[in-house]
Amino acid sequence: MTFFHLDMFQTAGLGVLALGLGAWLTGKVKFLRRYCVPSPVSGGILFSLLILALHGFCGIELSFDGTLKDAFMLAFFTSIGFQGDFKLIKSGGRPLAVMLGLVAVLVAVQNLVPLGISRLMGVDPLVGIAAGSVSMTGGHGTAGGFASLLEEMGLEGAETVAMAAATFGLVAGGLVGGPLAQRLVSRKMGGCRNEDTAARPDAQTGAGEDVKAAGWIVLVMAGGTVVSRLLSKTGIVFPTYFGALLLAVIVRNVVGALPGSGNWMPVERIGKVGNVCLMLFLGMAMVSLRLWELASLALPLCVMLLAQVVVMVLFGYFVAFRALGRDYDAAVMVSGLCGFGLGATPNAMANMGAVCDKYGYSAKAFLVVPIVGAMFADLINTGIITVFLNFIR
């Protein structure tokens, strides 16, 4: 095997190429437009398949420097924190409470299903935990955080199993959310546009506003590292971006309450800069996937992962859509739930963005899903995982 390492700039360049390819494919392939597949996913999968072919047929393995990928992820979640106006959160009302309840139920089901399969197939229940909400709702961050604990409890290769499952979930979350929302809109609502919120709120233009927006993001990212360090002392596993996100929420509400703050803290522009960071992060994340790790998984784990996708689709279609109101906003939120329920919150935002590009903007969805996916899902997930680990001990 010949190894090549791509530095952070080469990795970023490859991610940009994947993003550009995905955008081109979306313009050319009707299937991608029809089923709202995000551009970073469609382009990134092709690059991942090419890298898989190099690994399998040419004996070439590429490794990637994730420094800029992690930085763009952190910048994106920081921008999400700036959208967390307490007044808007209060206006989330019932949909926010319902979404929190749905996440709690989904996390429990995501652990019960693989544990049941592990019992039926006679494998270590810890494999079921690794393929459960640890890697699905939790994603790579929670998978990495719990891997050492699973190793201590006796699961050899826990990190490989959990991270490979999270990789599968990342791909699946980006693929099923858009098509499911498209089906809900076309079958349940006749394919109508969301006329009430058909356009995204725009921000002031100009280089000066972009500089202000980027400056606020960088400042809060810097302070967020200190907050994350303090949070780690609690002993609770938090995603790496949580400190910056939390600090951004505080800054938004404290500074935003000052007279005239809108002139020097352009919140809408911060959101747009964050969306650019999201696309770049997803592009690099997709090209960095090590798909050959999925090929090495045992049959029981493959069954568990496929079952998780089926459960997610059924849960979104028959439970979440109805609970959230059976309207256009509900369909968009279901696409977001698929994104962070199988992969990560960036998947959720990309899924919803793709749906809204086709049918119209949903202010309610872009308020509720980031709050739940980025601020509460990991907390709920950590608590429920702890309960299951103690149950099977």
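Keep in mind that what you see is a predicted model, and the values were worked out from it rather than measured.

1. Quick look at a negative patch on the surface
Then comes step 1: A grouping of E151, E152, E156 and E159 is seen on the molecular surface, where their side chains present a negatively charged patch.
Then comes step 2: With respect to the helices and strands, the residue E156 is situated in the loop between α7 (139–152) and α8 (158–188).

2. Some words on the pattern of salt bridges
Then comes step 1: This structure, assessed with the given rule, holds 2 salt bridges.
Then comes step 2: Between E209 and K212 there is a salt bridge, with its nearest N and O atoms 3.7 Å apart. Taken together, the residues E209 and K212, both in helix α9 (residues 207–232) and 3 residues apart, mark about one turn of the helix.
Then comes step 3: Using a relative accessible area of 11% as the deciding quantity, one classes E209 as buried.

3. Some thoughts on the side chain of Q308
Then comes step 1: With respect to the element layout, Q308 can be found in helix α14 (residues 299–323).
Then comes step 2: We classify Q308 as buried; its relative accessible area is 1%.
Then comes step 3: With near-sequence residues (within four places) excluded, Q308 lies in contact with Q110, P114, A131, G132, M136 and L342.

4. Structural notes on the packing of aromatic side chains
Then comes step 1: On inspection of all chains with the given rule, the structure shows 4 aromatic pairs.
Then comes step 2: Both rings, one in Y317 and one in F318, keep their centres 4.9 Å apart while their planes meet at 75°; by these two values the pair is edge-to-face.
Then comes step 3: Given the relative accessible area of 15%, Y317 is considered buried.

5. A few points about the confidence of the model for the protein
Then comes step 1: Per-residue confidence for the protein averages 85 on the pLDDT scale, and 90% of its residues sit at or above 70.
Then comes step 2: Looking across the protein, the model is least confident in helix α13 (residues 292–295), with a mean pLDDT of 70, and most confident in α14, with 95.
Then comes step 3: Taken together, the stretch residues 195–204 has pLDDT below 50 and engages in 22 contacts with residues farther than four places along the chain or on a different chain.

6. Section: α14
Then comes step 1: Compared with an ideal rise of 1.5 Å per residue, which puts 25 residues at 36 Å, α14 spans 34 Å between its outermost C-alpha atoms and is within 8% of the ideal.
Then comes step 2: Where α14 bends most, at G316, the angle is about 40°.
Then comes step 3: Positive backbone phi, approximately 120°, marks G325, located one or two places after α14.

7. A look at a nonpolar patch on the surface
Then comes step 1: Taken together, the side chains of L120, M121, L299 and V303 present a nonpolar region at the surface, about 410 Å² in accessible area.
Then comes step 2: Listing elements by their share of the nonpolar patch, those giving two or more residues are α5 (86–121) and α14.
Then comes step 3: Assignment of secondary structure puts M121 in helix α5.
Then comes step 4: On the basis of relative accessibility, which here comes to 36%, the residue M121 falls in the partly exposed class.

8. Topic: the packing of α14 against helix α15 (residues 328–342)
Then comes step 1: At a minimum axis distance of 10 Å, the contact between α14 and α15 shows a crossing angle of 155°. Classed by the angle they form, the pair α14 and α15 counts as roughly antiparallel. Considering how the two elements wind past one another, α14 and α15 form a crossing that is right-handed. Here Q308, M312, F315, G316, A320 and F321 of α14 lie close against α15, whose contacting residues are A330, A331, V334, L337, C338, G341 and L342.
Then comes step 2: Split by residue class, the contact of α14 with α15 holds 10 nonpolar, 3 polar and no charged.

What counts, and at which threshold
- Residues numbered from 1 in each chain as written.
- Predicted model: local features only at pLDDT ≥ 70, side-chain atom pairs only at ≥ 80, totals over all residues.
- Heavy atoms only, no water.
- Patch = residues over 30% accessible without salt bridge, like charges linked within 9 Å, V, L, I, M, F, W, Y side chains within 5 Å.
- Areas by Shrake-Rupley, 256 points an atom, 1.4 Å probe, with all protein chains shown as cover.
- Salt bridge = Lys/Arg side-chain N within 4 Å of Asp/Glu carboxyl O.
- Lys, Arg positive; Asp, Glu negative; His and termini not counted.
- Charge placed at Lys NZ, Arg CZ, Asp CG, Glu CD.
- Helix = DSSP H or I, 4+ residues; strand = E, 2+ residues; numbered from the N terminus.
- Buried < 20%, exposed > 50% of the residue type's maximum accessible area, 1.4 Å probe, protein only.
- Contact = heavy atoms within 4.5 Å.
- Phe/Tyr/Trp six-rings, centres within 6.5 Å; stacked < 30°, edge-to-face > 60°.
- pLDDT = per-residue confidence, 0-100.
- Expected span 1.5 Å × (residues − 1).
- Bend = angle between axes of the 7 residues up to and from the residue.
- Axes fitted to C-alpha atoms, helices over the stretch in contact; angles between N-to-C directions.
- Parallel < 35°, antiparallel > 145°, perpendicular 65-115°, else oblique.
- Left-handed = near helix turned anticlockwise from the far one by under 90°.
- Nonpolar A, V, L, I, M, F, W, Y, C, P; charged D, E, K, R; others polar.

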